[in-house]
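Reading the structure
The primary structure of each chain is shown beneath.
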Amino acid sequence: MAQYYTIMNLKSRFAPSPTGYLHLGNARTALFAWLAARGAGGNFVLRLEDTDQARSPEIYEKALFEDLQWLGLDWDEGPDRGGPAGSYRQMQRLEIYQKYYGLLLAAEQAYPCYCSPEDLAAERAVQKAAGKAPRYGGRCRHLNDDQRQALAAQGIQPVLRFRVPDTGMLNVPDRVWGERSYALAALGDFVIRRSDGSPAFFFANAVDDALMGVNLVLRGEDHLSNTPRQILILQALQLPVPAYAHLPLLLGGDGQPLSKRHGAASLRDLQSEGYLPVAVRNYLARLGHHYAASELLDDAALASGFAVENISRAPGHFDPVQLQHWQHLALQELTDAGLWGWLTANPGPLRDWVPQGQEMAFVAAVRANIQLPGDALDWARRCFADQAFVALAKEEAALLALAEAPATFWPLAERLLQESAGDYRIWTKNLQQESGRKGKSLFMPLRAALTGLCHGPELAALLPLIGMERACERLRTVPQYL
Ligand SMILES: Nc1ncnc2c1ncn2[C@@H]1O[C@H](COP(=O)(O)OP(=O)(O)OP(=O)(O)O)[C@@H](O)[C@H]1O
Ligand SMILES: [Zn+2]
């Protein structure tokens, strides 16, 4: 661990497969790697692990750039902007992998294996029956050249296996989980090149990290078990071994890890619902990572407060309530004009509902009651739709509040509103005097009649938006409803 602190130019990376839209688990991993780099004044690399061609259509690559940019992450090297260790797309690095396979073959640290899937299944069945953990037994380890040629002559395309030492232990440090020891004998010789010539995930991934100068690998816990194999590969190739930090996976409501394959809620979904990137960043940064500060932090503060030591080992769950908390704080930081811009960023009917010239008054009145643009739409309808009380969407509690006022209250409220010329203070003061009601029993029925709800923005701010005509119409039509 101490060794890590001596790393001068920290370089971290995010290395997704472009096989679907980024979900929150991916996004948090990317964010942590980015924060680690930015907090240390280091560099951040984006690399596309696109060797699963069937599952990597171009739309996902484009979406990945867009989603990371929306979240506010930037990268110093990547597929779209190049860099000293390019290409940053694995499919364009196949020749590089061939070179390293050649080195391992020449050093006899790798060998071709001609076993068929049936052979391997039979081997596993025997091991299982004997109560042993399945691993490759090394059948093709000692084939000589003649034997290999004979097998190749049968048209068998071999995989390439890494020769794992038979004895000894491998210590694998991890900055979240601490050091773990692995008995090498238990690993078995593993596949580093598939029979179609494509690289196994952990081979290309480890080689690329080394060649790209990545010295902190921050990734999901799903890769924890790959680490010993990757260290063995790097040591055999005399390539530098990075520091590793494995993040607990984010789980969905079903308790299963979020995964692109299973169509987990995507970053895109949050974007289209109207969450602000700064809220998502603050939420994700605290999901499994402790910050001393409880307020909304800007990127500089998020980065400087980030420390791998503060990553928790407990699995995280996506909690919409927490996200809304950060959304609320993020919205508070926007000016009224900024808020209006956010509300109308996506096409929608809000512009049609809010009359020209009243936009800022509307935003100022309702801003504390808005989490998502859809909430604003609801308030716009309540304020500006030309509808009688009967047509308002009402909550149960509002109906109860209305029923508490006597029938005589409504014509009185309407008359006094007209006499006050729409001045909220004068209106409610006079109404209090003449009706004998005060406090909650005065204001609740009014709020319920004017908005259909028992909660919401200051009535004083809403009244000018609702306007005299609509307000009178609603007060007048309440008794029809009761
Ligand atoms: N549920 C999760 N929680 C946290 N990190 C995750 C989760 N799933 C994947 N990751 C991390 O996201 C990064 C990108 O991984 P990858 O692109 O393979 O995502 P994936 O969701 O596992 O996709 P797929 O379903 O196609 O395997 C990796 O570092 C991986 O460990
Ligand atoms: Zn074999």
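Residues numbered from 1 in each chain as written. Chains lettered and ligands numbered in written order. Predicted model: local features only at pLDDT ≥ 70, side-chain atom pairs only at ≥ 80, totals over all residues.

If you look the protein up in an unreviewed UniProt entry, it shows as Glutamate--tRNA ligase from Acidithiobacillus montserratensis.

Focus on the overall build of the protein
Assigned secondary structure in the protein consists of 21 helices and eleven strands. Computed over the C-alpha atoms, the radius of gyration of the protein is 32 Å, more than 25% above the 23 Å expected from 2.2 N^0.38 for a compact globule of 482 residues. Viewed in the frame of its principal axes, the protein has a C-alpha envelope of about 105 × 50 × 35 Å. Residues counted as buried form 36% of the 482 residues belonging to the protein. (Helix = DSSP H or I, 4+ residues; strand = E, 2+ residues; numbered from the N terminus. Rg over C-alpha atoms; globule rule 2.2 N^0.38 Å. Buried ≥ 20, exposed ≤ 12 C-beta atoms within 10 Å, placed from the backbone.)

Let's talk about the sheet that holds strand E3 (residues 110–113)
In space, the three strands of this open sheet follow the order E3-E4-E7, with antiparallel pairing throughout. Strands at the two margins of the open sheet, each flanked by one partner only, are E3 and strand E7 (190–193). Strand-to-strand, the axes of this sheet are offset by a mean angle of 45 degrees, without reference to chain direction. Across three bridges, the pairing between strand E4 (residues 159–162) and E7 is antiparallel. (Pairing = 2+ DSSP bridges. Axes fitted to C-alpha atoms, helices over the stretch in contact; angles between N-to-C directions.)

Concerning the environment of Arg313
Mapped onto the fold, Arg313 is located in the loop between helix H11 (299–304) and strand E11 (316–317). For Arg313, a count of 12 C-beta atoms within 10 Å gives the class exposed. Once the C-alpha coordinates of Arg313 and His246 are considered, the two residues, 67 residues apart in sequence, prove to be 9.0 Å apart. Residues contacting Arg313, with those up to four places away along its chain left out, are Val176, Trp177 and Pro248. (Contact = placed C-beta atoms within 7 Å.)

Let's talk about the domain arrangement of the protein
As far as domains go, the protein holds domain 1 (1–78 + 203–332), domain 2 (334–385) and domain 3 (386–481). Between the C-alpha centres of domain 1 and domain 3 there is a distance of 51 Å. (Domains from an automatic or database assignment.)

Looking at the packing of helix H18 (residues 409–419) against helix H21 (residues 459–481)
Across the interface, H18 lies against H21 with an axial gap of 8 Å and an inter-helix angle of 170 degrees. The angle between H18 and H21 places the two elements in the roughly antiparallel class. With respect to the hand of their crossing, H18 and H21 are arranged in left-handed fashion. Taking contact as the criterion, the partners of Trp410, Ala413, Glu414, Leu417 and Gln418 in H18 are, on H21, Ala471, Cys472, Leu475, Arg476, Val478 and Pro479. (Parallel < 35°, antiparallel > 145°, perpendicular 65-115°, else oblique. Left-handed = near helix turned anticlockwise from the far one by under 90°.)

Looking at helix H13 (residues 336–343)
Among the residues of H13, those classed as buried are Leu339, Trp340 and Leu343. The buried residues of H13 occupy an angular sector of 100 degrees when the element is viewed end-on, so they sit on one face. Turned more than 90 degrees off the buried face of H13, the exposed positions are Ala337, Gly338 and Gly341. (Arc of directions from axis to C-beta.)

Considerations on the pairing of strand E9 (residues 243–247)
When a strand is regular, its side chains alternate between the sheet's two faces. Counted residue by residue, E9 has five buried out of five residues, so it is predominantly covered. Covered by surrounding structure in E9 are Ala243, Ala245 and Leu247 together with Tyr244 and His246, the residues of both alternating faces.

A look at the nonpolar core
Ranked by size, the top nonpolar core spans 95 residues in total, and within it Leu31, Ala33 and Ala36 carry the most contacts. Residue contributions to this core peak at ten residues, all from helix H2 (residues 24–39). The residues contacting Ala36, other than those within four sequence positions of it, are Leu10, Ser12, Leu216, Leu218, Phe306 and Val308. Core analysis: the next-biggest nonpolar cluster, separate from the first, contains 21 residues, Tyr97, Cys113, Val164 and Ala210 among them. (Core = buried A, V, L, I, M, F, W, Y, C linked by C-beta atoms within 7 Å.)

Some remarks on the packing of helix H10 (residues 277–285) against helix H12 (residues 320–332)
One can describe the packing of H10 onto H12 by two numbers: an axis separation of 8 Å at closest approach and a directional angle of 135 degrees. The angle between H10 and H12 places the two elements in the oblique class. As H10 packs across H12, the resulting crossing turns out to be right-handed. Seen from H10, the contacting residues are Val278, Ala279, Asn282 and Tyr283; seen from H12, they are Gln322, Leu323, Trp326, Gln327 and Ala330. Along the lines of polarity and charge, the residues of the contact of H10 with H12 split into six nonpolar, three polar and no charged. (Nonpolar A, V, L, I, M, F, W, Y, C, P; charged D, E, K, R; others polar.)

With respect to the confidence of the model for the protein
In the predicted model, the protein carries a mean pLDDT of 93, and 98% of its residues have values of at least 70. Overall, residues 1–6 carries pLDDT values under 50, and its contacts beyond four positions in sequence, including any with other chains, amount to four contacts. Across the predicted assembly, pTM comes out at 0.89 and ipTM at 0.96. (pLDDT = per-residue confidence, 0-100.)

Some details on helix H8 (residues 227–236)
Burial in H8 covers these residues: Thr227, Pro228, Arg229, Gln230, Leu232 and Ile233. As for H8, its buried residues are in contact with E4, strand E5 (169–172), strand E6 (180–183), E7, helix H7 (201–211) and E9. Gln238 sits one or two positions beyond H8 and adopts a positive phi of about 55 degrees.

Focus: the environment of Asp336
Its location among the elements puts Asp336 in helix H13. Given 15 C-beta atoms within a 10 Å radius, Asp336 is considered partly exposed. As a C-alpha pair, Asp336 and Phe362 span 26 residues in sequence and 9.1 Å in three-dimensional space. Once residues lying within four places of it in the same chain are set aside, the contact partners of Asp336 are Met360, Val363 and Ala364.

Quick word on the environment of Tyr291
Position of Tyr291 among the secondary structure elements: in the loop between H10 and H11. On the neighbour-count criterion, Tyr291 (16 C-beta atoms within 10 Å) is partly exposed. If sequence neighbours within four positions are ignored, Tyr291 has contacts with Ala285, Arg286 and Gly305.

What about unusual backbone geometry?
The residue after Gly86, namely Ser87, is reached through a cis peptide bond having omega 0 degrees. Residue Glu108 is not a glycine yet carries a positive backbone phi of 55 degrees. Inspection of the secondary structure assignment puts Glu108 in the loop between helix H4 (94–106) and E3. We classify Glu108 as exposed; it has 9 C-beta atoms within 10 Å. Even without a glycine there, the phi angle at Gln238 is positive, about 55 degrees. The exposure class of Gln238 is exposed, given the 9 C-beta atoms found within 10 Å.

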